[in-house]
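Examination of the molecular architecture
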Amino acid sequence: MDKIRNTLAENLGGPFTKLGTSHFELDQCPDLSGKVAVVTGGSQGIGFGVAYTLLKHNIGKLYILSVSKDVIEGAKKVIAKELGQDKADRIRWMQCDLSDWRRTKEVAEAIKQDTDRIDILVNNSGRGIMTAQLTDYGVDRHMAVNHMGHVVLTGYLLPLLKKTAEQGNIVRISNQSSNAHYGAPSDTKFATLDEINRDSGPNGQYGRSKLAGLLYTRYFDRNITKKGHPNLLMNATHPGFVSTKQSTQDIHEPYPIAGYAMSYGMEPLKKSQFEGAVPTVYAATVTKNSGEWICAPATPETASELAQSDELMENLMELTRNVVSEKTGGEAVVSM
Ligand SMILES: NC(=O)c1ccc[n+]([C@@H]2O[C@H](COP(=O)([O-])OP(=O)(O)OC[C@H]3O[C@@H](n4cnc5c(N)ncnc54)[C@H](OP(=O)(O)O)[C@@H]3O)[C@@H](O)[C@H]2O)c1
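Computed from a predicted structure; not experimentally measured.

Let us now look at the overall build of the protein chain. Counting secondary structure elements, the protein chain contains 12 helices and 8 strands. The C-alpha atoms of the protein chain give a radius of gyration of 18 Å, which matches the 20 Å a tight globule of 336 residues would have. Summarising its shape, the C-alpha atoms of the protein chain cover approximately 50 × 45 × 40 Å along the three principal directions. If you take every contact in the protein chain between residues at least 6 apart in sequence, the share linking residues at least 24 apart comes to 76%.

What follows is the structure in structure tokens.
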């Protein structure tokens, strides 16, 4: 019975959010005065729900990384109107396509020049359920944005994340995954670039990139948190089925007609962007644990068998290191 209630609470919005065995609401986000956060994709959708909540709870400075200037301008206007100009002025927007790893490194270096601490890193940006596409340098775009770009970003921010943690603060990194990771191809090994460039269909492409986020979370926990950095936590989240651009517009790219089932048919059951932000805000401001997969609202769950494979975890991170280094001619590297 608890399993059914948790599944409904994890995935659906409105009254369903209250059915789960764990409880967490955005109002329980602690006061964040003096703290600094970095949120990728904080301009719209779930990331905006997270950014809005951090600002509402007085975060001192908030770096938002995203692509579209128009979207962030709109987001800042909403923040200024609803939370006040002072809160909007705490946002530092950095234009950053996470598939461009040289740019991602540059942005991370600029952030480190601009702040002497980072308490929260939310790796949330994502390419949704869409057709397979290669970047111009020949890497599957889902993996390049959703996984590799975030590994590059985290790696270059790591010295400052560690320093902040060593000064007695709990530093939290939250990676946006999804229960769609169950859709990763069952023969996934993360053994070669050819393998991840193979077209596995929209759900397979997306699911594989979300599986990568879960494996990275365990890798980081094992190699950083548990090896001398107990105050530097990394968790992954599942936000549920959320009404955002991904689930209302992007879904029509692979499924022009069938996509209506998700974009309109499911709309009344979806979570709002604020309901979808709940597990991330929990993981980014409250949890004392690391290496978990936290489903909405704040329930640690066991992820898929593939997500628990140490072999896949090691393969993925070796492949990530090699691909980033090779495709940028060594100008960007994965550092841990
Ligand atoms: N919606 C759901 O039901 C659902 C379920 C499970 C997991 N998720 C995950 O939740 C996260 C947020 O998705 P969402 O549903 O809120 O989607 P969304 O409203 O489409 O927002 C996506 C965000 O990612 C940014 N972004 C996209 N491509 C990028 C790139 N190449 N480089 C940097 N930033 C990029 C976008 O920036 P711009 O504003 O500049 O375009 C936007 O801020 C994603 O990781 C998604 O996979 C969503």
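From this point, the narrative continues.
Taking 1.5 Å per residue as the helical rise, helix 6 (residues 141-166) with its 26 residues ought to reach 38 Å, and the 35 Å between its terminal C-alpha atoms agrees with that figure. Roughly 55° is the biggest bend found in helix 6, and it falls at Leu158, with proline Pro159 one to four residues downstream. In the segment just after helix 6, Gly168 is the residue with positive phi, at about 95°.

Further remarks concern the nonpolar core. Among soluble globular proteins, nonpolar side chains are generally buried collectively. Core analysis: the biggest nonpolar cluster contains 91 residues, and Ala37, Val38, Ala51, Leu62, Leu157, Leu161 and Leu215 have the highest contact counts within it. Looking at which element gives the most residues to this core, the answer is helix 6, with 13 residues. Residue contacts for Leu62: discarding those within four places in its chain leaves Ala37, Val39, Ala51, Leu54, Leu55, Arg90 and Ile91.

A word on the site of the ligand. Surveying the vicinity of the ligand reveals 30 residues, the closest of which are Gly41, Gly45, Ser125, Gly126 and Thr244. Residue assignment for the shell around the ligand shows that the elements contributing at least two residues are helix 2 (45-56) and helix 9 (245-248). When its residues are assigned to classes, the shell around the ligand shows 9 nonpolar, 18 polar and 3 charged.

Our next topic: the environment of Gly20. The topology assignment puts Gly20 in the loop between helix 1 (2-11) and strand 1 (36-40). When the 20 C-beta atoms within 10 Å are taken as the criterion, Gly20 is described as buried. Separated by 90 residues in sequence, Gly20 and Ala110 have C-alpha atoms that sit 41 Å apart. Once residues lying within four places of it in the same chain are set aside, the contact partners of Gly20 are Arg5, Asn6, Ala9, Glu10, Pro297 and Thr299.

Taking 1.5 Å per residue, 15 residues should reach 21 Å; helix 3 (residues 69-83) reaches 21 Å between its end C-alpha atoms and fits that length. What helix 3 keeps buried is the set Ile72, Ala75 and Ile79. Taken down its axis, helix 3 places every buried residue within 60° of arc, on the same side. In helix 3, the exposed positions angled more than 90 degrees off the buried face are occupied by Lys69, Asp70, Glu73, Lys77, Val78 and Lys81.

Here the residue pair Ala296 and Pro297 is connected by a cis peptide bond, since its omega of -5° sits within 30 degrees of zero. Within the element layout of this structure, Pro297 appears in the loop between strand 7 (293-295) and strand 8 (299-301). Even without being glycine, Asn58 reaches a positive phi, approximately 75°. You can see Asn58 is positioned in the loop between helix 2 and strand 2 (61-66). For Asn58, a count of 17 C-beta atoms within 10 Å puts it in the partly exposed group. Of note, Phe190 is a non-glycine position whose phi angle comes to about 55°, a positive value. Mapped onto the fold, Phe190 is located in the loop between strand 5 (171-176) and helix 7 (193-197). With 26 C-beta atoms counted inside 10 Å, the residue Phe190 sits in the buried group.

Let's shift gears to the packing of helix 6 against helix 8 (residues 201-225). Where helix 6 contacts helix 8, the two axes come as close as 8 Å, and the packing angle between them is 15°. Comparing their axes, helix 8 and helix 6 come out roughly parallel. Here the hand of the crossing between helix 6 and helix 8 comes out right-handed. Side by side, helix 6 and helix 8 meet where His142, Met143, Asn146, His147 and Val151 of the first sit next to Gln205, Tyr206, Arg208, Ser209, Lys210, Ala212, Gly213 and Tyr216 of the second. Per-class residue counts for the contact of helix 6 with helix 8 are 5 nonpolar, 6 polar and 2 charged.

Time to look at the pairing of strand 1. Consecutive residues of a regular strand have side chains that alternate between opposite faces of the sheet. Summarising burial for strand 1: 5 of the 5 residues are buried, a large majority. Side chains Val36, Val38 and Thr40 of strand 1 all project onto a buried face; the interleaved residues Ala37 and Val39 project onto the opposite face, where all are buried too. In terms of strand pairing, strand 1 meets strand 2 through 5 bridges, oriented parallel. Counterpart to Val38 in the pairing with strand 2 is Tyr63. With helix 2 bridging strand 1 and the parallel strand 2, this β-α-β connection has right-handed handedness. In the sheet, strand 1 pairs with strand 4 (residues 120-123) via 3 bridges, with the strands oriented parallel. Directly across from Val38, in strand 4, lies its bridge partner Leu121.

This part covers the sheet that holds strand 3 (residues 91-95). Here we have 8 strands laid out as an open sheet, ordered 3-2-1-4-5-6-7-8, and mixed in their pairing. On the outer flanks of this sheet lie strand 3 and strand 8, each paired with one strand and no other. Across the sheet, the mean angle from the axis of one strand to that of its neighbour is 25°, orientation sign disregarded. Here strand 5 pairs with strand 6 (residues 232-238) via 6 bridges, running parallel.

Definitions and limits used
- Residues numbered from 1 in each chain as written.
- Predicted model: local features only at pLDDT ≥ 70, side-chain atom pairs only at ≥ 80, totals over all residues.
- Helix = DSSP H or I, 4+ residues; strand = E, 2+ residues; numbered from the N terminus.
- Rg over C-alpha atoms; globule rule 2.2 N^0.38 Å.
- Contact = placed C-beta atoms within 7 Å.
- Expected span 1.5 Å × (residues − 1).
- Bend = angle between axes of the 7 residues up to and from the residue.
- Core = buried A, V, L, I, M, F, W, Y, C linked by C-beta atoms within 7 Å.
- Buried ≥ 20, exposed ≤ 12 C-beta atoms within 10 Å, placed from the backbone.
- Near = placed C-beta within 6 Å.
- Nonpolar A, V, L, I, M, F, W, Y, C, P; charged D, E, K, R; others polar.
- Arc of directions from axis to C-beta.
- Axes fitted to C-alpha atoms, helices over the stretch in contact; angles between N-to-C directions.
- Parallel < 35°, antiparallel > 145°, perpendicular 65-115°, else oblique.
- Left-handed = near helix turned anticlockwise from the far one by under 90°.
- Pairing = 2+ DSSP bridges.
- Right-handed = clockwise from strand over helix to strand, strands pointing away.

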